[in-house]
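# Coordinates in review
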Amino acid sequence: MSDSSYYGRFAPSPTGPLHPGSLLAALGSWLLARHAGGQWLVRVEDVDPPRTVPGAVSGQLAALAAFGLRSDGPIVHQSQRDALYQGALDRLLREGKAFACHCSRSELAAQGGIHHHCVARAARAQPAVRLRVAPGSVVRFDDGLQGRIVQDVHAEVGDFVLRRADGYWAYQLAVVVDDGAQHVTDVVRGADLLDSTPRQILLQQALDLPTPRYLHLPLLLGPEGRKLSKSEAALPVDPAQPLPALRRAWAQLGQDPAIGAGADEVGGWLQQAADGFDPARLPPGDIPLPHGAGAGAPFAR
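Residues numbered from 1 in each chain as written. Predicted model: local features only at pLDDT ≥ 70, side-chain atom pairs only at ≥ 80, totals over all residues. Heavy atoms only, no water.

Moving on to the sheet that holds strand β8 (residues 161-163). With respect to topology, three strands assemble into an open sheet ordered β4-β5-β8, the strand pairing being antiparallel. Each edge of the sheet is formed by a strand with only one pairing partner; in this case those strands are β4 (98-101) and β8. Within this sheet the neighbouring strands show an average axis-to-axis angle of 40 degrees, counted without direction. (Pairing = 2+ DSSP bridges. Helix = DSSP H or I, 4+ residues; strand = E, 2+ residues; numbered from the N terminus. Axes fitted to C-alpha atoms, helices over the stretch in contact; angles between N-to-C directions.)

Let us now look at the packing of aromatic side chains. Summed over all chains, the structure comprises four aromatic pairs. Aromatic side chains Trp 250 and Trp 269 sit 5.7 Å apart centroid to centroid with 80 degrees between the ring planes, which places their arrangement in the edge-to-face category. Of this pair, Trp 250 sits in helix α8 (residues 242-252) while Trp 269 sits in helix α9 (residues 266-276), and the two are 19 residues apart along the sequence. What makes Trp 269 buried here is its relative accessible area of 0%. (Phe/Tyr/Trp six-rings, centres within 6.5 Å; stacked < 30°, edge-to-face > 60°. Buried < 20%, exposed > 50% of the residue type's maximum accessible area, 1.4 Å probe, protein only.)

A separate point is the environment of His 216. Within the fold, His 216 resides in strand β10 (residues 213-217). Separated by 186 residues in sequence, His 216 and Trp 30 place their C-alpha atoms 13 Å apart. Dropping the residues within four chain positions of it, His 216 is found in contact with Asp 143, Leu 145, Gln 146, Arg 189, Gly 190, Ala 191, Leu 193, Leu 194 and Thr 197. Separated by 2.6 Å, the side chains of His 216 and Asp 143 make a polar contact. (Contact = heavy atoms within 4.5 Å. Polar contact = N/O pair within 3.5 Å; in protein donor to acceptor, adjacent residues only side chain to side chain.)

All told, the structure shown has 15 salt bridges when counted by the stated rule. For the salt bridge of Arg 164 with Asp 48, the shortest nitrogen-to-oxygen distance reads 3.2 Å. On the criterion of sequence distance, the pair formed by Arg 164 in the loop between β8 and α6 (171-181) and Asp 48 in the loop between β2 (39-44) and α2 (56-66) is long-range, its members being 116 residues apart. The exposure class of Asp 48 is buried, given its relative accessible area of 16%. Linking Asp 142 and Arg 148 is a salt bridge whose minimum nitrogen-to-oxygen distance equals 3.3 Å. One network of salt bridges, in which partners are shared, links Arg 9, Arg 43, Glu 45, Arg 81, Asp 178 and Asp 179. (Salt bridge = Lys/Arg side-chain N within 4 Å of Asp/Glu carboxyl O.)

Where strand β1 (residues 7-10) lies against β2, four bridges are found, and the strand directions are parallel. Each residue of the ladder has a partner; that of Gly 8, found in β2, is Trp 40. At this point the chain moves from β1, through helix α1 (residues 20-35), to the parallel β2, and the crossover so formed is right-handed. (Right-handed = clockwise from strand over helix to strand, strands pointing away.)

Coordinates in, geometry out; function isn't part of it.
As structure tokens, this is what we get:
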């Protein structure tokens, strides 16, 4: 049975093939949605064309299908949603909550990289647009895995970009508008995006959108201590061999390895995993892989 009060999502960026860290986030968000009896959606975050790798969208979606992780609703592509983002931006500008910023990167660097007021020496033909972040804009929220998070967005981030000077939409605006439009109630994603959450909450408030619950899963770290997606160890997962990769991700999520051990096909394994999933076993901290362990190596703690 589906509980329509829970809507989760997985939102990959098509910057390359699906890697083990992406699979970990996809499986974790899928399991939590199934545990809640809710819906799990897939959204392609192709809002940044210069970083989009040709063929990555179809490759990632095919990989997810091979792992049995299929969206419960239509797959949304951010590249097709300009009108929604423009409408939100127009509203923020009209209400004085956003403003055009002509500052260059070098001018901002001289201010410590944090925008509190425009220091541009000249107008730009196409300025960026920023959210106006007032002094005292402190955001507090309880992450489902990481605990209490507090950030002074004014002091630590400043006025942040909603539309870039090159005309492309900023991630923060696109993700907030899409989560609102898709009625997302629960955002489950990697802990590398934890720092973005206070900005998104401020933007939700500015747009009168509800704030979802957040849970940030641990990151996979390569032997050198870097996020696995940025490591040489981040070989793509193999859609032709889905069960070994699913079992590794299951173990990395702290789950009982005996569950699903006898399954010999993806559908059966996913059903057993959904039935046996225990959110209390999720590890809050990052997960280091042993030296020499790439995408094809077995997980070891």
